Amino acid sequence: MGDGVASSAQDAAGTGVPVVPPQTEQSQRSERSGRSEWSKPKGTALGTRPFDPRRAPFYYGWVVVVAGTIGAIASLPGQTAGVSVFTDDLIATTGLTRLQLAIAYLIGTGTSGVLLGAGGRAIDRYGSRIVALGAVVGLASTMLGLSVVGPMSTPVGLIVMSIGFGCLRFSGQGLLTLASRTMVAQWFDRRRGLVTAVSSAFVSFSFAAAPALLLVLIDVDGFRTAWRVMAIVLVVVVGTVIVVFYRVSPEAAGIEIDGRGRTAMPAAGDEQAHLVDRPAVVVGTDADATRFQALRDIRFWALTIPVAALSSTGTAITFHIVDLGAELGLTDDEIVRVFVPIAFISVPVTLSTGWLVDRVTPLTIAAVMAGAQLVMYPMVGMLDTTWGAVIAIVTWGISQGCFSSLTSAAIPKVFGRRHLGAVSGAQMSAMVIGSAIGPAFFALIQSLTGGYRPALWISAVIPAVGLMLAVESLRRHNR
């Protein structure tokens, strides 16, 4: 899309005003009866159950932020931080080598990435609540299935673990995360960047603390019990949050975006009386980019390559974190603790970039993120030195801090809200595929060279490409 189209998409999406359908016989009857057609759009049945958000004394979007944050945190079992601590137990239990397990991770995660585009379109069609609930059930079922794995031959082990990793990644890292982020982004326009940044800050702290907490849970009664406990909590607690508090969009709930206006409360029995003949909910504008248009826009790749690069290399580092620590002469506890200072740096950066993305082009943030990764990757190989550890932690924190604004706020700002699930799904698909390739690539390089440092240097090529695309996009679209 050109500048004018993208700009109009951004401006129109920010108004939150629905396209008014032409008057029909039913709408004329509604006006004669004194009711506004906008007060009961189709889809409100889902947006007002089990309770009506319009009854809240404040803008319901703030409830959505809390619920969406809980949903994103609940995706932990499908995230690398939640999988990596089970790696050594899976190797010992299944009999697979580290490289073979990494290959299974590659196959499963890659398959998840390919399927995720359809997941994004499902969010646009069915809504975040239905998709998120299905993801929770799938994630819990997968953990229960993996909790009973045992010794297997290499071919059987590769097949079983590929399917297991695929289901973990697709339901957790993919659908649950995407549905939660998309829902939050749909409810805000003027403060979308800051709101998503605050949400991501809580998620970052949770993920940073996760490896140490999961190790404690595993030590209590083994990895099998740990997975079963998480599955039960996921269904009972998170499933309830999704069913009760998730809402697709403000339009579906009869509320204007950002709470700029509210519709009249429905009269008693109004919900059932007009359920069949309500016009469709309209989100965004006709100028919003489709998935096909976004994929042909250089700005999409300038925003996507830096986050895909961090997903790939960050996943690889986290997946092999214990083995990397052994190579550098660090104990398991020492190497795992590196995530805590990274979180303390990434959180203020996340809040800062969230504030900035509401005011400047996200392409600038993409360039900063790519540049930080160019420094970070070689320095991770020097975590055993004081200065190397400081530089690695700072640049990793900066890179992680830019991640949220580019994955949550940048896409709706540049390409609009109407096809947000599909466009964000394409970005998420690239990230998931990158996270699939990273661990296997690092395992391959380690098996060939005996270390992870060459893999870190080679991986710096991807953010270098992202930096060039961001600079070129800024030159073409200086806004």
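Residues numbered from 1 in each chain as written. Predicted model: local features only at pLDDT ≥ 70, side-chain atom pairs only at ≥ 80, totals over all residues. Heavy atoms only, no water.

The helix and strand tally for the protein chain stands at 21 helices and zero strands. Here the protein chain has roughly 18,700 Å² of accessible surface; of this, 68% comes from carbon and sulfur atoms. (Helix = DSSP H or I, 4+ residues; strand = E, 2+ residues; numbered from the N terminus. Areas by Shrake-Rupley, 256 points an atom, 1.4 Å probe, with all protein chains shown as cover.)

Turning next to the pattern of salt bridges. Summed over the entire model, instances satisfying the criterion amount to six salt bridges. A salt bridge links Arg-192 to Asp-189; the shortest N-O distance between them is 3.8 Å. For the pair Arg-192 and Asp-189, one class covers both residues: buried. Taken together, the shared-partner salt bridges in this structure form one network comprising Glu-472, Arg-475 and Arg-476. (Salt bridge = Lys/Arg side-chain N within 4 Å of Asp/Glu carboxyl O. Buried < 20%, exposed > 50% of the residue type's maximum accessible area, 1.4 Å probe, protein only.)

Right, let's talk about the nonpolar core for a bit. Phe-86, Leu-90, Phe-165, Trp-187, Ile-317 and Val-380 are the most contacted members of the largest nonpolar core, which has 115 residues in total. Per-element accounting of this core gives the leading share, 13 residues, to helix 10 (residues 192-245). Beyond its immediate chain neighbours, meaning those up to four positions away, Ile-317 contacts Leu-324, Met-376, Val-380, Trp-396, Phe-442 and Leu-456. (Core = buried A, V, L, I, M, F, W, Y, C linked by side-chain atoms within 4.5 Å. Contact = heavy atoms within 4.5 Å.)

Let us look at the packing of aromatic side chains. The description of two aromatic rings rests on the distance between their centres and on the angle between their planes. For the coordinates displayed, the defined rule picks out 14 aromatic pairs. Their ring planes at 90° and their centres at 5.0 Å tell us that Phe-300 and Trp-301 sit as a pair that is edge-to-face. Given the relative accessible area of 1%, Phe-300 is considered buried. Taken together, the ring pairs connect Phe-51, Tyr-59, Tyr-60, Trp-62, Trp-187, Phe-188 and Phe-245 into an aromatic cluster. One residue, Arg-247, lies across the ring of Phe-51, its end atom 4.7 Å from the ring centre. (Phe/Tyr/Trp six-rings, centres within 6.5 Å; stacked < 30°, edge-to-face > 60°. Lys NZ or Arg CZ within 6 Å of the ring centre and 35° of its normal.)

Along the chain, the position of Met-382 falls in the loop between helix 17 (362-380) and helix 18 (386-415). Taking relative accessible area as the criterion, Met-382 reaches 25% and is therefore assigned partly exposed. Residues contacting Met-382, with those up to four places away along its chain left out, are Trp-387, Gly-388 and Ala-389.

In this section: a nonpolar patch on the surface. Taken together, the side chains of Leu-194, Val-198, Phe-202, Leu-351, Trp-355, Leu-356 and Val-360 present a nonpolar region at the surface, about 560 Å² in accessible area. For the nonpolar patch, the secondary structure elements donating two or more residues are helix 10 and helix 16 (339-357). (Patch = residues over 30% accessible without salt bridge, like charges linked within 9 Å, V, L, I, M, F, W, Y side chains within 5 Å.)

Okay, helix 6 (residues 87-94) next. All of the buried residues along helix 6 are Thr-87, Leu-90, Ile-91, Thr-93 and Thr-94. Residues of helix 6 that are buried sit in contact with helix 5 (80-83), helix 7 (98-126), helix 9 (154-186), helix 10 and helix 13 (298-319). Note on helix 6: the residue one or two positions beyond its end, Gly-95, has a positive phi of about 85°.

Take helix 17 next. With 19 residues, helix 17 should cover 27 Å at 1.5 Å per step; its first-to-last C-alpha distance of 26 Å lies within 8% of that length. Burial analysis of helix 17 places 14 of its 19 residues in the buried class, the great majority of the element. (Expected span 1.5 Å × (residues − 1).)

In this fold, Ser-408 is placed in helix 18. On the basis of relative accessible area, Ser-408 is assigned to the buried category, the value being 4%. Among residues more than four places away in sequence, those in contact with Ser-408 are Arg-181, Ala-185, Arg-192 and Thr-196.

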